[in-house]
Amino acid sequence: MTNEQLNQVVEAIIAGKYSWACVLVLRFSGYNPLHYIPYRTYNRLIKENSQAGKHPVGKTPVSQSQVVSKV
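The present account deals with the structure reproduced in this document. This one's a predicted model, so the numbers in the text were calculated from it and none came from an experiment.

Scoring rules and cut-offs
- Within each chain, residue numbers correspond to sequence positions counted from 1 in written order.
- Residue-level local features of this predicted model are given only where pLDDT is at least 70; pairs of side-chain atoms are given and counted only at 80 or more, and the full residue set underlies all totals for whole chains, interfaces and linings.
- Calculation of side-chain values draws on the structure's entire complement of heavy atoms; hydrogens and water are dropped beforehand.
- In the sections that follow, a salt bridge refers to a side-chain nitrogen of Lys or Arg positioned within 4 Å of a carboxyl oxygen of Asp or Glu.
- Per the convention used, a helix needs a DSSP run of H or I reaching at least four residues, while a strand needs a run of E reaching at least two, with both numbered from the N terminus.
- Put simply, buried Ala, Val, Leu, Ile, Met, Phe, Trp, Tyr and Cys residues joined by side-chain atoms within 4.5 Å make one nonpolar core.
- Exposure categories follow from relative accessible area, calculated using a 1.4 Å probe and restricted to protein chains: below 20% of the type maximum is buried, above 50% is exposed, and the middle band is partly exposed.
- A pair of Phe, Tyr and Trp rings is counted when the ring centres sit within 6.5 Å of each other, with Trp represented by its six-membered ring. The angle between the planes then sorts it: under 30 degrees is stacked, over 60 is edge-to-face, the rest tilted.
- For helices, the fitted line uses only the C-alpha atoms of the stretch in contact; every axis is such a line through C-alpha atoms, and the angle between N-to-C directions lies from 0 to 180 degrees.
- Orientation is classified from the angle alone, with under 35 degrees giving roughly parallel, over 145 giving roughly antiparallel, 65 to 115 giving roughly perpendicular, and any other angle giving oblique.
- Should any heavy atoms of two residues lie within 4.5 Å, those residues are counted as being in contact.
- Amino acids outside the nonpolar list (Ala, Val, Leu, Ile, Met, Phe, Trp, Tyr, Cys, Pro) and the charged list (Asp, Glu, Lys, Arg) are all regarded as polar, and Gly is one of them.

**Considering the pattern of salt bridges**
Moving on, step 1. The tally for this structure, following the rule as stated, stands at 1 salt bridge.
Moving on, step 2. Measuring nitrogen to oxygen at the nearest pair gives 3.3 Å for the salt bridge that ties E48 to R44. With E48 and R44 both in helix α3 (residues 39-49) and 4 residues apart, the pair spans about one turn of that helix.

**Points about the nonpolar core**
Moving on, step 1. Listed in full, the 11 residues of the largest apolar core are V9, A12, W20, A21, V23, L24, F28, L34, Y42, L45 and I46.
Moving on, step 2. Counting residues per element, the ones that place at least two in this core are α1 (3-14), α2 (18-28) and α3.

**Some points on the packing of aromatic side chains**
Moving on, step 1. Under the criterion given, the structure shown has 1 aromatic pair.
Moving on, step 2. For the pair Y31 and Y36, a centre-to-centre distance of 6.2 Å together with 85 degrees between the ring planes defines the contact as edge-to-face.

**Quick word on the packing of α2 against α3**
Moving on, step 1. Interaxial distance between α2 and α3 falls to 10 Å at its minimum, and their mutual angle equals 100 degrees. Viewed along their axes, α2 and α3 adopt a mutual orientation that is roughly perpendicular. Facing α2, whose interface residues are S19, W20, V23 and R27, α3 presents Y42, L45, I46 and N49.
Moving on, step 2. When the residues that make up the contact of α2 with α3 are grouped by side-chain class, the tally is 5 nonpolar, 2 polar and 1 charged.

In structure tokens, the structure reads:
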């Protein structure tokens, strides 16, 4: 995990966004969060934490086709 990624996790924890911090840790560690949390929860977290369509460094949205092929 890079310093920037660690900073994103720490910022999420400080902001009280513990679920989002868990998603970030999984993603940055190379795991697919969808293997551990329900799709609807993951999708909600992505929507809540997107910044006007921009995602944090190292974070890209997952399209429906990617979800189907990975699950």
